[in-house]
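Report on the structure
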Amino acid sequence: MLCKSKRAFRSLEKIYRLENMKRIGSLILLLFSVALLFAQPMVENVDPESSSAAKRGVVKGKVIEQGSSVLLEYANVALYRLPDSTLAGGAIAGADGRFKVDGLKPGNYYLDAKFIGYEHTKQGNIEISKDNPEVDLGIVELVPASENLQEVNVFAQDKPIAYDIDKKVVDPSQFPTTAGGTATDVLANTPSVVVDIEGNVTMRGSSNFTVLIDGRPTPFEAADALDQIPASTIRNIEIITNPSAKYDPDGNAGIININTKKSKLTGVSGIVNASTDTRGSMSGDFLLNLKNEKFNFFVNGNLQDRQREGEYSSINKTFETNDTIFTISDGYNNRARKGWSLKTGFDYYINDYNTLTFSIGGNSRSSESDRWSDTHEYSSEYDLKSSTNSLGDRSGKELSMTLDYQKKFDNEDQEFTAYIYYETGNGEDYSLYNRYFGADADSLIDGQINWEAGDDQQFRVKADYVHPFTDNMKLETGYQLRINRDNEWNDVHWYSGVDESDYEPSEDSEYYSDTYFMRDIHSLYTTFSNSGNIFGYQLGLRTEYTNRSLEYSRETEPTTIERWDFFPTLHLSFQLPAEQQVIASYSRRIDRPRGYYLEPFITYVDAYNVRKGNPGIEPEYIDSYELGYQKQLGKGFASAEIYHRKTNNKIERLTSVYEGNVMMGTVDNIGVDYSTGLELMLNTNPTDWWMLNLMGNAYHYKVDGDLYGDNTSQESFNWHTRISNTFTITPTTKLQFDAMYHSPSVTVQGTREGFMFSNFAVRQDLLNKKLNLTLSVFDLFNTAKFGHVNEGPSFYSSRNFDIKSPVVSLTLSYKINNYRQNRQQGGQGQGGGMMEGGMDGGEF
């Protein structure tokens, strides 16, 4: 076995060697030089006595809810010139409720402030002059609309999805069909995202994206992370398809940032949720907060046992020189995701300028599968009917700690933040299959056990600084270090005639192997932004130095990568009359191979399928372009986005014949792919009690590459659509019905069938909205079925899946000392905040 202590020492030595530190120092100078080039012409050339910058006017203030003083983040503020009421400028309130409208010419104005679920507030007699260029309106109060509307049986509704300049913000409380579910279920209702009937998530056709939790990394793979987070603990989800240079560039399609709930109310508050369904799933979670002027203590946890049942069938053909082997199977597959998590911590408000946050969390999880299949395999030389039982258990435990520091300055736009993140964990992946003659489980043909185990450590340090030059011009810069260490052990054992499923893995086994993976990434970024009433822009540059090594006990030389990468970004915004906006952006991104993609050993999935990684695989490099248009339509909005994405070094999962009729799945860089499409969305209220949400995405996909030594090209036109209807029957009763369809698509080796499903839910609020009951039905019409086909020179493979449905679930939610919600945490983008009487009824 490899000596891990020596390797760890060598790796740390590489991190801090002088040569690399010199490179980092040189790069810091380069980035700050670029920043100064951006900033200086716009600063040094300004004459304070004669420039228009000195004469322009500013109107600022803070938006709160009347009666509660709750800050209204994302409230819309518009300033109109008198006497002709032409729009002069606008702003969106920040997390502290503050807004600022600048670039105003001398004259008289009036202000119009609005927020979904509130009455408009207008304020006049605002005068900008040479002697009085800045007007501070102080507190601007908005009155909840529901207090007046209920008298006439009209019930305001919140937006389930809102648009900010660089992201889409999803409010899970507006989707009762997701009650009792996870983040994956919430994403099934969002634009740019598709969730198939097996729970696989893609963003604009790509499964490669980054998941963040509260802006922080997660120790899980993206799919596991989304399935671990209960929907009831999510404040909102941000979909960022073209991130700026401030964000990690990882992920082909962008970033999904999940913001969890945390109370901002003084005193004790909390929420408890419990759910069950007809498949036998059970889950529960809680959040508790205790807040005073100096401290905010929080603790949250969840326990889950989610069951999933389905049937499948497959046909495989492997072509040999003078024969063809047919393998036909059908059976069922039961899966269960079980686990728990617990997190606690505190915010310490040192003073008005400094805040310290510490959190510690742990979790345990397992993904179990139990599959039985009846198989008929035959060729011209043999004919065998058998049954196979395949069992799998992928489990793990993690412990993570985070320390955050935030410093504010007299200038409210100036800020320094830093955090340290540490995570350690271990995992085990155990699978076995037993194959029997016919349907008799007592007559064993053969069996196999595959065992993988390992431990990993991740360490991350990040610091960011925001420096404003003027009200609209600012520079952001930061540094980040990511350290990852991963040890893996693997063993395989075969047997025949006699069941040896109690086999214990051993280092003395003929097939035992281990791997050691290390990766260090140093990152530096800077962005420079400037905006006016009509035009705004942001320039960004990020660079990363990566040092990666993979050592395998069966190889004498490690596989290494040592390189610099540069990631420019550009964002433009154009404000048009009548609450219209055009946004354009470009970013260069990278998709690094996942850890198990690099594993060089064979893993047996079952009697007829194995998988193997590829340690020589290269990262994908992505060029992403977007052009978007947004238009406010009263309480709703319409949006359209055109996008184009080119991926170099495209990583594709490939299928080939391993031996006989056993198929092998692996990964490789196959070439270049292109996605060009149009995404449309409409949010509107046909009546006061009906909210309609329509989404559609259509794109052309093409992949060009090298496969089996030959050039290959595949292309298809793909589209999917989704409709969601929410009906407010009474102030305490809501219904929702949604449906989605995804068209067929192609891969480099074959095709995937289209699929569709629909969901229904009813929600009832009780006890003055402290208690909520939600009854939901997944796949109402039992249409959640799909399949795919893969072909190559020596094989043909087709698989079909049918998930057991419909599934009925019941969810109960109880709020502790917080029947009125904290609207500051709504996170709804432009005017999309939550309201009392919305689907959540309380925010944490």
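For clarity, every value in this text was computed on a predicted model and none was experimentally measured.

**A look at the sheet that holds strand S7 (residues 134-142)**
- One open sheet holds the 3 strands; their spatial order is S4-S1-S7, and the pairing between them is mixed. Among the strands making up the open sheet, the edge pair consists of strand S4 (98-104) and S7. Strand-to-strand twist across the sheet, computed as the mean angle between neighbouring axes with direction ignored, equals 20°.
- Relative to S7, strand S1 (residues 57-65) runs parallel, the two sharing 7 bridges.

**Quick look at the confidence of the model for the protein chain**
- Taken residue by residue, the protein chain gives an average pLDDT of 80. The fraction at 70 or more is 83%.
- Looking at the elements of the protein chain, mean pLDDT is at its lowest for helix H4 (residues 146-149), recorded as 37, and at its highest for strand S24 (residues 513-531), recorded as 93.
- Here residues 1-25 is modelled with pLDDT under 50, and outside its nearest four sequence neighbours on either side it reaches 40 contacts, counting other chains as well.
- Contacts for the low-pLDDT stretch residues 146-157, under 50 throughout, to residues beyond four places or in other chains number 24 contacts.

**A closer look at unusual backbone geometry**
- Pro83 follows Leu82 through a cis peptide bond whose omega is 10°.
- Its place among the elements puts Pro83 in the loop between strand S2 (76-81) and strand S3 (86-92).
- In this structure, the amide linkage connecting Ser805 to the following residue, Pro806, adopts the cis form with an omega of 0°.
- With respect to the helices and strands, the residue Pro806 is situated in the loop between strand S41 (795-803) and strand S42 (807-816).
- The phi torsion at Asn125 lies on the positive side, around 60°, for a residue other than glycine.
- For Asn125, the location among the structural elements is in strand S6 (residues 121-128).
- Residue classification places Asn125 among the exposed residues on the basis of a relative accessible area of 82%.

**Here we look at the pairing of strand S20 (residues 383-408)**
- Of the strand pairs in this sheet, strand S19 (residues 354-378) and S20 are connected by 25 bridges, and their pairing is antiparallel. Within S20, the residue paired with Leu356 across the bridge is Tyr405.
- The turn linking S19 back onto S20 is made up of 4 residues.
- The loop that links S20 with its antiparallel partner strand S21 (residues 415-437) comprises 6 residues.

**A look at the packing of aromatic side chains**
- Taken as a whole and assessed by the stated rule, the structure comprises 22 aromatic pairs.
- Taking the centre distance of 4.9 Å and the plane angle of 45° together, the rings of Tyr586 and Tyr625 count as tilted. Here the residue Tyr586 occupies a position in strand S27 (residues 580-591), and Tyr625 occupies one in strand S30 (residues 620-633), the gap between them amounting to 39 residues.
- The structure contains a cluster of three or more aromatic residues connected by ring pairs, namely Phe295, Phe297, Phe346, Tyr348 and Phe358.
- Cation over ring: Lys407 sits above Phe409, and NZ or CZ is 5.3 Å from the ring centre.

Here is what the cut-offs are and how they apply
- Residues numbered from 1 in each chain as written.
- Predicted model: local features only at pLDDT ≥ 70, side-chain atom pairs only at ≥ 80, totals over all residues.
- Heavy atoms only, no water.
- Pairing = 2+ DSSP bridges.
- Helix = DSSP H or I, 4+ residues; strand = E, 2+ residues; numbered from the N terminus.
- Axes fitted to C-alpha atoms, helices over the stretch in contact; angles between N-to-C directions.
- pLDDT = per-residue confidence, 0-100.
- Contact = heavy atoms within 4.5 Å.
- Buried < 20%, exposed > 50% of the residue type's maximum accessible area, 1.4 Å probe, protein only.
- Phe/Tyr/Trp six-rings, centres within 6.5 Å; stacked < 30°, edge-to-face > 60°.
- Lys NZ or Arg CZ within 6 Å of the ring centre and 35° of its normal.

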